[in-house]
Amino acid sequence: MAAVKLYGPLASTATSRALACLLEKQVEYQLIPVDLKKGEQKKPQFLAMQPFGQVPVLQDGALTLFESRAIVRYIAEKYAAQGTIGLLGKSLAERAVIEQWMEVESQTYNPPSSFLVFQLAFAPLWGIPQNQAEIVKNEKKFSKVLDVYEKRLSESKYLGGDEFSIADLSHLPNTEYIVKATGKSELITSRKYVNAWWEDISSRDSWKKIREMSKAGNKK
Amino acid sequence: MAAIKVHGYHASTLTVMVLCCLNEKEVEYELVLVDLPTGAHKKPEYLALNPFGVVPTIQDGDLTLYESRAIIRYLAKKFQGQGTNFLGSTLSEEALVYQWCEVEGQSFNPPALSIFSQIVFVPMRGGSTDEAAVEMNVEKLEKVLDIYEERLSKSKYLAGDFFSLADLQHLPCTHYLVNACGKGDLISSRKHVNAWWEDISSRPTWKINFT
């Protein structure tokens, strides 16, 4: 039985963010699904682990940890010597730039892209009315952000520098939904360097594995 | 060794947070003024440092770094051996620091910033406060603060019994809530959150910026 347990549904962007890191670092894990539709994340058993009632949660021995980006940092640090090397950079200065782009993802890329994913991919499925004015607003915001990314990626193969890092990894889940499920894939594909970067990072074994797992899950 | 340059604005709480961090780590720095009221942060010279046009940005030798949370993380690691220990003593403690840093960034800051934006920024730009939006965000923040109250009833600081980056990260937006938005009751009505706020906001490295 694997020591590392990850609680969360694969379809959740935060859960797949944490899982991508476990896969990159070749850490043995157990993925324990959490049924969000049934409100499992708001039940006392789950709240005891994660008082905000959100997925995912990681258990590694005595440590219980939440917030996907904190989980990513912890896994990358604890298992530094195995799997993909250099996810945190090879120097303090490299790590700093990686952290900078982690924050850009968290504060600037995530809000508008999450909004678009919810409004365009999930709201119709769940019978929630869409807010067209806000969709337009967020698309504009997201486009401006992507223009900065286009410039960065024209100068640097990956966000943190020459190598794939947790900064790029953090962008996988939202971007997957944008490209596959919102009808707005051109936001990514129309930008030469952003598109090349997306093609590269999404064809990594870790993300291919997550795509396979999602397909298998959907067949049930 | 050249001092670290901090490009920022003295009245920007995120700039002040970085200065506070530098002082806690006993690191010399030089504040280079980016005059926000005249739009200096949107001019080409600044955008060359930070393409998102926000403050602060630091320069440490060849390294140019922006995003205040990334900056304090860098400083905490680089100067780990001196001044306040912001990251705990074990990998697990450090992980909990990052967890509560993320909670600030994902759950505390968004509603707090919305409240601040509606009460201060919008009128400043000639608009009127959307009271419904304020109420909605106050409700959100109350739920978050209830969880903080529970946490801080069991732990002196957010990540454990030591003052960490996670607590430091809460200084700017809580300062705004209490001092600029008239929402101090959100803090003072919660016994342990209040004690924690009194403690962290009275650290000399923070307090000195507002006297």
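Every chain is numbered independently, its residues counted from 1 as its sequence is written. Following the order in which they are written, the chains are lettered starting with A and the ligands numbered starting with 1. Residue-level local features of this predicted model are given only where pLDDT is at least 70; pairs of side-chain atoms are given and counted only at 80 or more, and the full residue set underlies all totals for whole chains, interfaces and linings. Side-chain measures here rest on the full set of heavy atoms in the structure, leaving out hydrogens and waters.

## Comments concerning the sheet that holds strand E2 (residues 29–33) of chain B
Residue and element names in this part refer to chain B. The condition that has to hold: A pair of strands counts as paired when DSSP detects no fewer than two bridges linking them. Each helix corresponds to a stretch of at least 4 residues labelled H or I by DSSP, and each strand to a stretch of at least 2 residues labelled E; elements are numbered beginning at the N terminus. Only the stretch in contact is used when a helix axis is fitted, and all axes are lines through C-alpha atoms; the angle between N-to-C directions ranges over 0 to 180 degrees. What makes two residues a contact is simply this: any of their non-hydrogen atoms within 4.5 Å.
Spatially, E2-E1-E3-E4 is the arrangement adopted by the four strands of the open sheet, whose pairing is mixed. Two strands lie at the open edges of the sheet, namely E2 and strand E4 (63–66), each paired on one side alone. Within the sheet, the average angular offset between the axes of one strand and its neighbour, ignoring direction, is 20°. As judged from the five bridges shared by strand E1 (residues 4–8) and E2, these two strands associate in the parallel manner. Opposite Val 6, over in E2, you have Leu 31 as the bridge partner. Against the sheet, helix H1 (residues 13–24) engages E1, E2 and strand E3 (57–60), with an angle of about 160° to E1.

## What about unusual backbone geometry?
For residues that are not glycine, phi is negative in most cases, and the peptide bond is trans in most cases. Note the threshold: The cut-offs for exposure are 20% and 50% of the maximum accessible area for each residue type, with area from a 1.4 Å probe on protein chains only; residues under the lower value are buried, those over the upper are exposed, and the others partly exposed.
A cis geometry characterises the amide bond from Val55(A) onward to Pro56(A), with omega recorded as 0°. Considering the arrangement of structural elements, one finds Pro56(A) in the loop between helix H2 (44–47) and strand E3 (57–60). Cis rather than trans, the peptide bond between Val55(B) and Pro56(B) has omega equal to 0°. For Pro56(B), the position within the fold is in the loop between helix H2 (44–47) and E3. If you check the backbone angles, Glu26(B) has positive phi at about 55° while not being a glycine. Counting through the fold element by element, Glu26(B) comes out in the loop between H1 and E2. Given the relative accessible area of 59%, Glu26(B) is considered exposed. Within the chain, Glu67(B) stands out as a residue other than glycine whose phi angle is a positive 80°. Counting through the fold element by element, Glu67(B) comes out in the loop between E4 and helix H3 (68–78). Judged by relative accessible area, which is 13%, Glu67(B) ranks as buried.

## Considerations on the domain arrangement of chain B
All names here are of chain B. Rules: These domain boundaries are the output of an automatic or database domain assignment. Accessible-area loss on putting two parts together, using a 1.4 Å probe and summing over both, is the definition of buried area adopted here. Salt bridges are counted wherever a side-chain nitrogen of Lys or Arg sits within 4 Å of a carboxyl oxygen of Asp or Glu.
When the domains of chain B are assigned, the result is domain 1 (4–79) and domain 2 (91–202). Taking the mean C-alpha position of each, domain 1 and domain 2 sit 22 Å from one another. On the side of domain 2, 15 residues touch domain 1, which itself brings 13 residues to the contact. Taken over both partners, the interface formed by domain 1 and domain 2 buries close to 1000 Å², and the fraction arising from carbon and sulfur atoms is 66%. There are two salt bridges connecting domain 1 and domain 2.

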